[in-house]
Amino acid sequence: QVQLVESGGGLVQAGGSLRLSCAASGRTFDNYHMGWFRQAAGKERDFVAVTHWSGTEYYSDSVKGRFTISRDGAKNTVSLQMNSLKPEDTAVYYCAASRRIAISTTPSAYEYWGQGTQVTVSS
């Protein structure tokens, strides 16, 4: 059974920082690309960032320059460093893994999902 577990969410003031982590178990994820998505209350689940197993990174325009995704394949972990946080970043953040060759921003491309961690950014 594959399991992804997010951690690191919490409450932070606008302009602050948080670092989210995702720990994977059940299989080796070295050859998967790992992504982060977020879902605000009453909204659709939106793409945030992804790192391909080759090292390629891609970010949504809304977080580009503020967020950084990284992975430690040996430890089967992926992190999301979030800086200069804004109230509109408030959402439940999910990590996800995909075995597809091409990098994707579409939730349907990801086979495995964590349970999410709440990030709240106050004004």
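To be clear, the structure that these remarks concern was listed above.
For clarity, every value in this text was computed on a predicted model and none was experimentally measured.

A. Structural context of the packing of aromatic side chains. This structure, assessed with the given rule, holds seven aromatic pairs. Between the aromatic rings of F37 and Y110, the centroid separation amounts to 5.0 Å while the plane-to-plane angle is 80 degrees, which identifies the pairing as edge-to-face. Taken together, the positions of F37 in strand β4 (residues 33-39) and Y110 in the loop between β9 (91-98) and β10 (112-113) put the pair 73 residues apart, joining distant regions of the chain. Accessibility assignment for this pair places F37 and Y110 in one class, buried. Summarising the aromatic geometry, the rings of F37 and W113 are spaced 5.0 Å apart at their centres and angled 55 degrees between planes, so their arrangement reads as tilted. Within this pair, whereas F37 is found in strand β4, its partner W113 is found in strand β10, the two being separated by 76 residues in sequence. For F37, a relative accessible area of 0% gives the class buried.

B. Looking closely at unusual backbone geometry. Even without being glycine, S84 reaches a positive phi, approximately 50 degrees. Its location among the elements puts S84 in the loop between β8 (77-82) and β9.

C. Broad picture of the state of the cysteines. Taken as a whole and judged by the stated rule, the model has one disulfide. Residue pairing for C22: its cysteine sulfur links by disulfide to C95, the two sulfurs lying 2.0 Å apart. Across the disulfide from C22 to C95, rotation about the S-S bond amounts to roughly 50 degrees, and the bridge is consequently right-handed. Highlighted residues: C22 in strand β3 (residues 18-25) and C95 in strand β9, separated in sequence by 73 residues. As far as burial versus exposure is concerned, C22 and C95 are alike and both buried.

D. Structural detail: the side chain of E6. Summarising the element assignment, E6 is placed in strand β1 (residues 3-7). In this structure, E6 is buried with no salt-bridge partner, the nearest side chain bearing the opposite charge being R45 at 7.5 Å. Beyond its immediate chain neighbours, meaning those up to four positions away, E6 contacts S21, C22, W36, Y93, Y94, C95, G114, Q115, G116 and T117.

E. Focus on the pattern of salt bridges. Tallied over the entire structure, the rule returns four salt bridges. Between D61 and K64 there is a salt bridge, with its nearest N and O atoms 3.4 Å apart. Exposure remark for K64: the relative accessible area of 48% places this residue in the partly exposed category. Three or more residues are tied together by salt bridges with common partners; here these are R38, R66 and D89.

F. Fine view of the sheet that holds β3. Pairing is antiparallel across the open sheet formed by four strands, whose spatial order is β1-β3-β8-β7. One side of each edge strand has no neighbouring strand; the edge strands of this open sheet are β1 and β7 (67-72). Pairs of neighbouring strands in the sheet enclose a mean axial angle of 15 degrees, with direction left out of account. Here β3 runs beside β8; their pairing, made up of six bridges, is antiparallel. The partner of S21 across the bridge, within β8, is S79.

Quick notes on the rules
Residues numbered from 1 in each chain as written. Predicted model: local features only at pLDDT ≥ 70, side-chain atom pairs only at ≥ 80, totals over all residues. Heavy atoms only, no water. Phe/Tyr/Trp six-rings, centres within 6.5 Å; stacked < 30°, edge-to-face > 60°. Helix = DSSP H or I, 4+ residues; strand = E, 2+ residues; numbered from the N terminus. Buried < 20%, exposed > 50% of the residue type's maximum accessible area, 1.4 Å probe, protein only. Disulfide = S-S within 2.5 Å. Lys, Arg positive; Asp, Glu negative; His and termini not counted. Salt bridge = Lys/Arg side-chain N within 4 Å of Asp/Glu carboxyl O. Contact = heavy atoms within 4.5 Å. Pairing = 2+ DSSP bridges. Axes fitted to C-alpha atoms, helices over the stretch in contact; angles between N-to-C directions.

That is the geometry; function is a separate question.
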